[in-house]
Amino acid sequence: MPAFSQDPLDAGFVQDPYPAYDRMRALGSLVFWQEYNMPCAVSFASANAILRDRRFGRMPLDPPPVAEHLAPFYAVEAHSMLELEPPRHTRLRSLVLRAFTSRRIAALAPEIEALSHQMIDQLPDGPFDLLTHFAQPLPVTIIARLLGVPESLAPDLLRWSNAMVGMYQAGRTRADEDRAIAATTEFVDFMRGYIAQRRQTPRDDLITHLINAEEAGDRLSTDEMISTCILLLNAGHEATVHSIGNATKTLLQTDHYGRAPISDALVEECLRFDPPLHLFARWAYDDIDVVGHVIPKGTQIACLLGAANRCPKHWDAPDSFDPTRSPKANLAFGAGLHFCLGAPLARLEIVHALNALVARLPGLKLAQTPLYADIYHFHGLKSLMVTAK
């Protein structure tokens with residue numbers, strides 16, 4: 001397998017990783033990324049195959065011991081469906097889907113649309129950061145309403161989410177870990193108390209529906225509900241914020257803002273062209289052949305979603321943004337067993353957010369060159385300074 005060297009903290013890579021992905025893909029469908037010390041799938045075919053193969057899982061066969069100071073974070077991860085495999089994953093996802101139904105998500109559409117317009121009404125005069133004034137508060141407010149927690153807690157939810165996902169970024173420091181642990185402890189303590197309160201005073205919210213979710217007499221434990229709520233916030237919120245920011249930037253920079261209707265196809269092209277998550281890892285539970293390479297049992301392998309979404313063997317002119325492109329599956333939200341549970345909600349928020357922006361702010365322009373934050377393997381903007389006139 002060919003080796004490839006690329007510092008994920010390099011400023012040029014952070015701002016535009018796609019040329020590096022092209023160089024990786026030129027070496028083959030699988031390359032060994034030296035800085036991560038693991039093989040990476042960089043073509044659509046290889047990444048898609050790994051994500052859909054049940055012989056690859058999220059957890060190592062022999063998990064290493066957890067450092068004592070990180071125990072609170074990994075105690076939450078231990079009950080997260082993102083990190084579990086069947087049969088626990090099957091049981092947990094089935095119970096959660098009984099509460100987090102497609103019908104309940106679809107019913108949020110008018111609320112998301114109204115909130116998008118309300119936030120546009122409150123935008124400041126002059127240049128403003130679309131992330132802090134729109135892309136961040138929109139999904140966190142919707143998550144707060146969905147869970148049934150007071151909207152006044154949205155700033156805390158946002159702070160907890162930002163700190164906790166710092167555990168996944170390249171080059172994390174002890175300070176990053178300490179912030180994540182503090183946020184985890186605060187979030188868990190709040191959720192434990194709030195779930196206890198909902199058991200006594202049920203309402204029409206997701207937490208109450210999670211409490212009542214049942215299959216063959218089986219229910220979610222309190223720890224499973226806490227991990228599920230944290231997962232919905234952290235994974236769903238982070239991905240949606242970055243997706244709205246990246247999509248708006250793409251439309252403005254490619255001169256498609258206001259020219260093309262905000263359709264489902266346009267949203268999919270935005271997600272394909274500049275997805276919010278670029279690296280998702282798996283572990284081989286057997287010796288597995290992937291596009292002609294045998295991945296030994298116990299090996300960790302990365303699926304580079306950002307690279308797979310621009311694979312020239314899957315898309316024509318993959319580096320061109322084309323909202324009229326014929327629909328075809330992309331990997332922005334993963335695939336297979338661990339396909340993002342919140343993807344339908346994220347897509348709903350993106351389409352209504354973009355529709356509201358185009359309708360209300362037809363003259364939106366970039367006020368300065370957007371810069372991406374150094375948060376790889378997430379891929380999102382540090383800020384998006386725009387002007388509405």
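Placed above this text is the structure.
We now turn to the structure provided with this report. (Residues numbered from 1 in each chain as written. Predicted model: local features only at pLDDT ≥ 70, side-chain atom pairs only at ≥ 80, totals over all residues. Heavy atoms only, no water.)

Below, the discussion takes up the overall build of the protein. Within the protein, the regular secondary structure consists of 16 helices and 15 strands. In terms of overall dimensions, the protein is globule-like: its C-alpha atoms have a radius of gyration of 21 Å, near the 21 Å expected for 389 residues. By its C-alpha atoms, the protein is 55 × 55 × 40 Å across when sized along the principal axes. Within the protein, the proportion of its 389 residues that are buried is 56%. A separation threshold of at least 6 residues defines the contact pool for the protein, and within that pool the share at least 24 residues apart is 72%. Just so you have it, the protein exposes about 16400 Å², and 53% of that area is on carbon and sulfur atoms. The centroid of the 36 positive side-chain charges in the protein is displaced by 4 Å from the centroid of its 44 negative side-chain charges. (Helix = DSSP H or I, 4+ residues; strand = E, 2+ residues; numbered from the N terminus. Rg over C-alpha atoms; globule rule 2.2 N^0.38 Å. Buried < 20%, exposed > 50% of the residue type's maximum accessible area, 1.4 Å probe, protein only. Contact = heavy atoms within 4.5 Å. Areas by Shrake-Rupley, 256 points an atom, 1.4 Å probe, with all protein chains shown as cover. Lys, Arg positive; Asp, Glu negative; His and termini not counted. Charge placed at Lys NZ, Arg CZ, Asp CG, Glu CD.)

Applying the stated rule across the entire model yields 13 aromatic pairs. Aromatic pair Trp160 and Phe190: ring centres 6.0 Å apart, planes at 40°, arrangement tilted. Of the two residues, Trp160 is situated in helix α10 (residues 154-164) and Phe190 in helix α11 (residues 174-200); the sequence distance between them amounts to 30 residues. Overall, the relative accessible area of 5% leaves Trp160 in the buried class. Through a chain of ring-to-ring contacts, the aromatic side chains of Phe13, Tyr18, Tyr21, Trp33, Tyr36 and Tyr376 assemble into a single cluster. Taking the ring centre of Trp315 as reference, the NZ or CZ of Arg272 above it sits at 5.5 Å. Sitting over the face of the ring of Phe273, Arg310 holds its NZ or CZ atom 4.0 Å from the ring centroid. (Phe/Tyr/Trp six-rings, centres within 6.5 Å; stacked < 30°, edge-to-face > 60°. Lys NZ or Arg CZ within 6 Å of the ring centre and 35° of its normal.)

Before going further, it helps to examine a negative patch on the surface. A cluster of acidic side chains, namely Asp7, Asp10, Glu35 and Asp374, defines a negative patch on the protein surface. Mapped onto the secondary structure, Glu35 falls in the loop between β2 (30-33) and β3 (38-41). Given a relative accessible area of 37%, Glu35 falls into the partly exposed group. (Patch = residues over 30% accessible without salt bridge, like charges linked within 9 Å, V, L, I, M, F, W, Y side chains within 5 Å. Salt bridge = Lys/Arg side-chain N within 4 Å of Asp/Glu carboxyl O.)

With 95 residues, the main nonpolar core has Phe100, Phe134, Val149, Ile207 and Leu345 as its most contacted residues. Sort the elements by how many residues they give to this core and helix α13 (residues 222-253) lands first, with 12 residues. The residues touching Phe134, leaving out its near neighbours within four places in the chain, are Ser116, Met119, Ile120, Pro139, Ile244, Ala353 and Leu357. Counting residues in hydrophobic clusters, the runner-up holds 25 residues, among them Ala41, Ala284, Ile288 and Ala308. (Core = buried A, V, L, I, M, F, W, Y, C linked by side-chain atoms within 4.5 Å.)

Under the defined criterion, the tally for this structure stands at 20 salt bridges. The salt bridge partner of Arg325 is Glu269, with a shortest N-O separation of 3.1 Å. Placement of Arg325 in the loop between α15 (305-308) and α16 (343-360) and of Glu269 in helix α14 (residues 264-273) is noted, with a sequence separation of 56 residues between them. Of the two residues, Arg325 and Glu269, neither departs from the other in class, the shared state being buried. Each of the salt bridges in this network shares a partner with another, and the network as a whole consists of Arg91, Asp218 and Glu224.

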